[in-house]
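Each chain is listed here by its residues.
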Amino acid sequence: MKTMRKLSIIASIVLVFAFVLASCAPKAEAAAPAEEAAPAEEAAPAEEAAPAFKAAMITDLGGLSTSEETKGFSDLGWDAFKKAKEDLGIETTLIESKELADLEPNLRKMADEGYNIIVGVGYLFTDAIAAVAPDYPDTKFAIVDSVVDSPNVMSLTFAEEQGSFLVGALAAGMSKSGTIGFVGGMESALIEKFEAGYIAGARAINPDIKVVSGYTGSFSDVAAGKELTLTQYGQGADVVYAAAGACGLGTIEAAKEKGFWAIGVDTNQDAVAPGSVLTSMLKHVEVAVYDAIKEAYDGTFAGGVKVYDLKVDGVGYSDMKYSVDKVPAELIEKVNTFADEIKSGKIVVPTTRDEANAFVLPE
Amino acid sequence: MSYILEMRGIYKHFGEVLANDHVDLKVEAGTVHSIVGENGAGKTTLMCILYGLYKADSGQIFIDGKEVDINSPSDAIANGIGMIHQHFKLIPAMTVAENVMLGLEPRKGKIFLDLKQINQQTKELSDRYGLAVDPKALVGNISVGIKQRVEILKVLYHKANIMILDEPTALLTPQESEDLFRVINHLREDGKTILFISHKLKEIMQISDRITVMRDGKIVDTVEKRDTNEVKLARMMVGRDVFLKPAPAPKKVDGAVLKVEDVSAVNEFHRPVLTDVSFDVRSGEILGIAGIDGNGQTELVRALIGLQPITKGKITLKGKQMDHKPVKLIRDEGIGVVPEDRLMEGLVVDFNVQENLFLGLQRNKPFSDGKLISWKAVRKNADDLVKFFDIRTPNNEQKVNLLSGGNQQKIIVARELSHNPEMIIAAQPTRGLDIAATDFVHEQLIKQRDEGKAILLLSLSLDEILLLSTRIAVIYKGSIVAIVNKDETTAEDLGLMMLGGTYEHIPA
Amino acid sequence: MNTVKKFLLKREDVFSTLIALLIAFGIIAILLMSTGRPAGEAFYYFIKGAFGNVENTSNTISRVIPLTIAGVAFLIGAKCAVFNVGVEGQLILGAMASAIVGYIVHLPAIIHLPLMLLAGMAAGGLYAFIPAWLKTKRGVNEILSTIMLNYPATFFTHFLVLKVLPMEGVVPATPKIDATARFATLIEGTRLHAGFVVAILVVVFAYFLLNKTSIGYEMRAVGANKEAARFHGIPVEKRMITAFMLSGALAGLAGAVEVAGVHYRFLDQFSPGYGYDSITVAMVGLMNPIGVVLSATLFGALKTGILDMSIYTEIPRQLTTLINGIVVLLIASKEMIRSSFSKLVRGKEEFKQEKE
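Concerning the overall build of chain A
So, step 1. A tally of helices and strands in chain A yields 12 helices and 12 strands.
So, step 2. Across chain A, the fraction of contacts at a sequence separation of at least 24, relative to all contacts at a separation of at least 6, is 68%.

Shown next, in the form of structure tokens:
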């Protein structure tokens, strides 16, 4: 009891200090407008000094991968930068963020350095770009996978549910057991889109299909991915789709070991384990990012939301180089029909789990 | 007269400390030659140089008149020098015989141990020197005294002619010490030369032929035993007169300050550690508790200050109930404690001198108002105590782990006496201390006694108990087996009681 | 000579830490040069990146704030023999609790901000009570229990963000806290916020508690020698519980300050391991509150300085991770350096003797 009393004394000391601090809090708002002019001034000389067009890419916590095999989502963005450097002769820079708290300073740093376009790869940039973009009206920003409402921000989003729908259909068509699996990374609305499309696609082929879903809680824990996949295999799943970053490598490893099908995500992962990866759901980040750089370079950049869906080839599935001969031609034909129907708007792919579970193919 | 061993001009320093300053030592064959001195006088360094554990900066060693070069213990063994360390270096899981032969075992076909030979050779060796041991007993199961015999046998097996015994009686009971002395006499008769390192003057006078006294890295003198006595030796060791006479009788003994009635306690495994312990300590007296280590002394002290829960009985201080009270309250009631483990209980060795000098008093005036510490008072307290008790420290912010054992003990004594308690518990107060520091502690205890304090003294050294106590209680297996007046008993009687009267005397 | 020697030995800890740092930077320089990269340029950009201008310095300081508070949190525990590896979990829960108070309650700033900081402290402190109780009453090693308890904290907040609390947009996070619950940004366009005053107060508080109060003395005594503390009437278990909860409360405060000053909401997985960094920070800071500030500054500077270095020089990004690692490794192996240092200053034999 005595300890508690002492703690409360200590706590009240801190409380008093905090009062003092709080009393200066409102001042910040007053200070804000005065400061706003500063960045614009800084940006101007930077442009004079550097006539070359400069583009910067900032990753979120994922960073780039170190090998071709483990290439993911951020690597695709960087591919676009490499292509732009070659095609357009621009200067490019990459920053890999280490902490969430670094995102905003990193953006500001690049803006202060006079970069013409800055691309934030990943939805974690939402807050940071929203905070920074208004301070640098002459700088163009692009964000992948999220929406920021500002005239100088291009929001690049993807219809992952559409691509996932197609691989879901392939999965259901290839499953002999009538059970397929889904491995997600950290739970979020974004990953739910993958799951929803996948379930709906599977139901389009086989309304009685059983989909077992699970989340690893991580985008990097390969072992967790493998473990979860093996569990699903134990529950009867013979095709497993992983939308979980590097965790998906665990899924592919499990499939290779036990001899069932895995489905890759984001990049073409068919070659990671030829013959064990049925297909990969492609998310053409490189196309979207390249478009953004090109438009900024050409001077046609416009803010707003750009949706990369099947129609514009923003998503899709791989050419199944190593597995196509094992897939019945009718199934591929059917999947391609679905693709056309999605493009035409006949099929509207659900984006939430609940909608997906109730999905019925329109007649 | 030829010397079996001669060390000439041995010079050795560690950093700024001069450990051996041009030491010359001559030892006659077939004698017991004692080397005595305070801790830090350089006697252990000298022996380590002889045994090859340290290398001297300069100086020569002659064996049988021939100069030898000793760089390692194996060089020493090759030259017939053996050392029995204070802390035994035996393997508990092996038998006595295996330990004796270790490294030089007789083998069958170079691969297999010849167990029969091993046991027989050990038996022969032990018979020849009167060192009764059971060759087949496991070392882990034998007593300290027997372990020491095994060490001696090991050295004999290595064919040592010169045997170094480093503080050999430190861990022995009086009876075991007597046995050891008989063995030493036997070895001397057999022509072996013994170098006996000690600072216990009484036993040195008993066993030695010649005695070399060292102080501050130098040899003070080498004397024949018949030409000296304990007081002279002590004066040579310390460089001044010391207090070694038995304490004068107390001036005035009053009523009981501490009363312990029928106290019992169990340990964490529910084994009894104290059984129906009753005694009282009166104002103006020192009650000595004699006993062999591990017979409940530790638990008794802890029970008195509230650290060891008691299952039965009553403890009162000046009539106030003290059992089942928190430690702090008991200590504040007026008990000063010099704990048996200086470094683990007495001090916080990572704290500095002034912080240690008010340990336990951190909420008492004048050091604190109960919440905030007054460092001014702490500094003043430290200045006063350091001066009064002559604590040797570079400054009061020196961490105590860098001080000598004697100065550490002075800090504890100074602190425990500083709040003027009526009851003082001193557990092993002079363990590991040299003569000067021991003398200091004894002086303080007697001074406190004469000021009318009640003092409980627990010591493993019977000499110390006999030197200081007014009355003596003997503790055995957690019980007080006897309480006697000092004048009505002898070391031998007490020794027997300490062993529960069942001491198995092993004939020499 | 003698006084120099004494001074060197008295501050042995500090000097061996500095030597460790120098060696670390030396190794990095050799590494850079051997791969044909200009080491001088790299260091220039490193320093510039950490302290080169107002923005960079402000960003460095904003990294130093949570590291300092968390470092002191760990230190307070360690000073009292409590090895709280659970700073991370307590920090996360503290951040969550403060974020909830920050957006659910609407109050004037003068009450709201302190209240949300208190909520963070309460959450961290109470969460630390679990391992504290387990240690003192059941003898469960706190290192194990606190490591284990970091997981429930992470997953519980994850669960709250995704399933319980409303989520705005795609970022897994709580709604933003009210303006009244935020620290003022001191320099616009940077992340330097008034929370740094809290960090300073925490350091002053820790220094005061440990050195000027009876209870702080007792906590230190428990930390240095439990047995002696018990022998001298200090209630060892009580002090350990106090230290544990205080450590947890400060950890929670570190999380709350990040919410109130940087993110303005609880972001799932927002902590880049401040709780684990806190251990390194406290150790490098020689278990001294002032030292913690210096070592937090070093680690904060490493975080911000390396970024500029990788942008402006051709140093591959893998190397930047290595640099961070080398510094930590060298400082961690400081004991080795210290013994060599001792040997050098004292002379070999004396050192040997002392060891025995």
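Structural notes on the packing of helix H8 (residues 195-212) of chain C against helix H13 (residues 289-312) of chain C
Residue and element names in this part refer to chain C.
So, step 1. The interhelical angle for the contact between H8 and H13, taken along N-to-C directions, is 150°, at an axis separation of 8 Å. When the axis of H8 is compared with that of H13, the two are roughly antiparallel. Contacts from Val203, Ala206 and Tyr207 in H8 reach Pro289, Ile290, Val292 and Val293 in H13.
So, step 2. For the contact of H8 with H13, the class distribution of residues is seven nonpolar, no polar and no charged.

Quick notes on the interface of chain C and chain B
So, step 1. Contacts between the two partners involve 19 residues from chain C and, on the opposite side, 26 residues from chain B.
So, step 2. Looking at the side of chain C that touches chain B, the elements with two or more residues in it are helix H9 (214-224), helix H10 (226-231) and helix H16 (348-355) of chain C.
So, step 3. Per-element accounting of the side of chain C that touches chain B gives the leading share, five residues, to H9 of chain C.
So, step 4. Residues that form the side of chain C that touches chain B fall into these classes: five nonpolar, seven polar and seven charged.

Points about the sheet that holds strand S3 (residues 32-37) of chain B
Strands pair in a sheet through their backbones, by hydrogen bonds, and they do so in one of two ways: parallel or antiparallel.
All names here are of chain B.
So, step 1. Reading across from one edge, S6-S9-S10-S3-S11-S12 is the order of the six strands in this open sheet, with mixed pairing throughout. Single-partner strands in this sheet number two, and they are strand S6 (81-84) and strand S12 (218-224). Sheet twist, expressed as the average angle between the axes of neighbouring strands with direction ignored, equals 20°.
So, step 2. Relative to the sheet, helix H5 (residues 144-157) contacts S6 and strand S9 (162-166), its axis offset from that of S6 by approximately 170°.

Focus: the pairing of strand S20 (residues 454-459) of chain B
All names here are of chain B.
So, step 1. Buried residues dominate S20, accounting for six of its six residues.
So, step 2. Along S20, one buried face is formed by Ala454, Leu456 and Leu458 and the opposite face, lined by Ile455, Leu457 and Ser459, is buried too.
So, step 3. Sheet topology note: the strand S15 (residues 286-290)/S20 ladder contains five bridges and is parallel. Bridge assignment links Ala290 to a residue of S20, and that residue is Ser459.

Topic: helix H8 (residues 222-234) of chain A
All names here are of chain A.
So, step 1. Over its 13 residues, H8 runs 18 Å from end to end, which matches the ideal 18 Å to within 8%, given 1.5 Å per residue.
So, step 2. The set of residues buried in H8 consists of Val222, Gly225, Lys226, Leu228, Thr229, Gln232 and Tyr233. The buried side chains of H8 occupy one side of the element, clustering within an arc of 170° when seen end-on.
So, step 3. Contacts made by the buried residues of H8 are with strand S6 (179-184), strand S7 (210-215), strand S8 (239-243) and helix H9 (247-258).
So, step 4. Of the residues trailing H8, Gly236 is marked for its positive phi of about 110°.

Section: the environment of Asn324 of chain C
Residue and element names in this part refer to chain C.
So, step 1. Among the structural elements, Asn324 can be located in helix H14 (residues 317-332).
So, step 2. For the pair Asn324 and Ile306, spaced 18 residues apart in sequence, the C-alpha separation works out to 8.5 Å.
So, step 3. When sequence neighbours within four positions are dropped, the list of residues in contact with Asn324 reads Leu302 and Ile306.

What to know about the sheet that holds strand S19 (residues 423-427) of chain B
Residue and element names in this part refer to chain B.
So, step 1. Taken together, the six strands give an open sheet; going across it, the order is S18-S19-S20-S15-S21-S22, and neighbouring strands pair in mixed fashion. Only two strands of the sheet have a single neighbouring strand rather than two, namely strand S18 (335-338) and strand S22 (479-485). If you compare each strand with its neighbour and ignore which way they point, the axes differ by 15° on average.
So, step 2. Pairing of S18 with S19, which is carried by four bridges, proceeds in the parallel orientation. Bridging from a neighbouring strand, Gly336 pairs with Ile424 of S19.
So, step 3. Of the strands in this sheet, S15, S19, S20 and strand S21 (471-476) are in contact with helix H9 (residues 297-304), which crosses S19 at around 155°.

Side note on the domain arrangement of chain A
Residue and element names in this part refer to chain A.
So, step 1. Examined at the domain level, chain A breaks down into domain 1 (50-158 + 286-308) and domain 2 (160-282 + 328-357).
So, step 2. The C-alpha-based centres of domain 1 and domain 2 are spaced at 29 Å.
So, step 3. Each side of the interface is counted separately: domain 1 has 10 residues, and domain 2 has nine residues.
So, step 4. Its residues assigned to classes, the side of domain 1 that touches domain 2 shows four nonpolar, three polar and three charged.

Concerning helix H11 (residues 329-344) of chain A
Residues and elements named next belong to chain A.
So, step 1. Its 16 residues give H11 an end-to-end C-alpha distance of 23 Å, which sits within 8% of 22 Å, the value for a rise of 1.5 Å per residue.
So, step 2. Inspection of H11 places Val335, Phe338, Ala339 and Ile342 among the buried residues, and these make up the whole buried set. Projected down its long axis, H11 shows its buried positions confined to an angular sector of 100°, all on one face. In H11, the exposed positions angled more than 90 degrees off the buried face are occupied by Ala329, Glu330, Glu333, Asn336, Asp340 and Ser344.
So, step 3. Against the buried residues of H11 lie helix H6 (160-174) and helix H7 (189-205).
So, step 4. Immediately downstream of H11, the backbone of Gly345 shows phi near 90°, a positive value.

Overview of the nonpolar core
Where a protein is soluble and globular, its nonpolar side chains tend to be buried together.
So, step 1. The biggest cluster of nonpolar side chains holds 303 residues, and the ones touching the most others in it are Ile263 and Val289 of chain A, Leu457 of chain B together with Ile69 and Leu250 of chain C.
So, step 2. Examining the composition of this core, we find that 16 residues originate from one element, helix H11 (residues 236-263) of chain C, more than from any other.
So, step 3. The contacts of Leu457 of chain B, once residues within four sequence positions are left out, are Ile286, Leu287, Gly288, Ile289, Ala426, Leu445, Ile465, Leu468 and Ser469 of chain B.
So, step 4. By size, the runner-up hydrophobic cluster in this structure holds 66 residues, among which are Val32, Leu153, Ile204 and Val213 of chain B.

Describing the environment of Lys135 of chain C
Residue and element names in this part refer to chain C.
So, step 1. As for its position among the elements, Lys135 is in helix H6 (residues 109-138).
So, step 2. For the pair formed by Lys135 and Glu237, sequence separation is 102 residues and the distance between their alpha carbons is 8.8 Å.
So, step 3. Here Lys135 is in contact with Val140, Glu142 and Met240, once residues within four sequence places are set aside.

Quick notes on the arrangement of the chains
So, step 1. Most contacts, when the two pairs of chains in contact are compared, are made between chains A and C.
So, step 2. Separating chain A from chain B is a minimum C-alpha gap of 11 Å, and the two share no contact.

Quick notes on the environment of Gly291 of chain B
Residues and elements named next belong to chain B.
So, step 1. Along the chain, Gly291 turns up in the loop between S15 and H9.
So, step 2. Accessibility expressed as a C-beta count within 10 Å gives 27 for Gly291, which makes it buried.
So, step 3. Residues Gly291 and Tyr476, 185 residues apart in the sequence, show an inter-C-alpha distance of 6.3 Å.
So, step 4. Not counting the four nearest positions on each side in its chain, Gly291 is found in contact with Gln297, Val474, Ile475, Tyr476 and Met498.

Regarding the confidence of the model for chain C
So, step 1. When the pLDDT values of chain C are averaged, the result is 85; 90% of them are 70 or greater.
So, step 2. Across the interfaces of the predicted complex, the ipTM metric reaches 0.81, alongside a pTM of 0.74.

Quick notes on the packing of H5 of chain B against helix H6 (residues 174-189) of chain B
Residues and elements named next belong to chain B.
So, step 1. Relative to each other, H5 and H6 sit at 20°, their axes nearing to 10 Å. Between H5 and H6, the angle is such that the two are roughly parallel. Between H5 and H6 lies a crossing of right-handed hand. The residues of H6 that touch H5, namely those facing Val144, Gly145, Gln148, Arg149 and Ile152, are Glu176, Asp179, Leu180 and Val183.
So, step 2. Taken together, the residues that form the contact of H5 with H6 break down as four nonpolar, two polar and three charged.

A look at the pairing of S19 of chain B
In the case of a regular strand, side chains alternate between the two sheet surfaces.
Residues and elements named next belong to chain B.
So, step 1. The buried fraction of S19 is high, at five of five residues.
So, step 2. Every second residue of S19 is oriented toward a common face, with Met423, Ile425 and Ala427 on one face and Ile424 and Ala426 on the other, all of them buried.
So, step 3. Sheet topology places S19 next to S20; five bridges connect them, and they run parallel. When the bridges of S20 are listed, Ala426 appears paired with Leu457.
So, step 4. The parallel pair S19 and S20, bridged by helix H15 (residues 435-450), forms a crossover whose chirality is right-handed.

Calculation notes
Residues numbered from 1 in each chain as written. Chains lettered and ligands numbered in written order. Predicted model: local features only at pLDDT ≥ 70, side-chain atom pairs only at ≥ 80, totals over all residues. Helix = DSSP H or I, 4+ residues; strand = E, 2+ residues; numbered from the N terminus. Contact = placed C-beta atoms within 7 Å. Axes fitted to C-alpha atoms, helices over the stretch in contact; angles between N-to-C directions. Parallel < 35°, antiparallel > 145°, perpendicular 65-115°, else oblique. Nonpolar A, V, L, I, M, F, W, Y, C, P; charged D, E, K, R; others polar. Pairing = 2+ DSSP bridges. Buried ≥ 20, exposed ≤ 12 C-beta atoms within 10 Å, placed from the backbone. Expected span 1.5 Å × (residues − 1). Arc of directions from axis to C-beta. Domains from an automatic or database assignment. Core = buried A, V, L, I, M, F, W, Y, C linked by C-beta atoms within 7 Å. pLDDT = per-residue confidence, 0-100. Left-handed = near helix turned anticlockwise from the far one by under 90°. Right-handed = clockwise from strand over helix to strand, strands pointing away.

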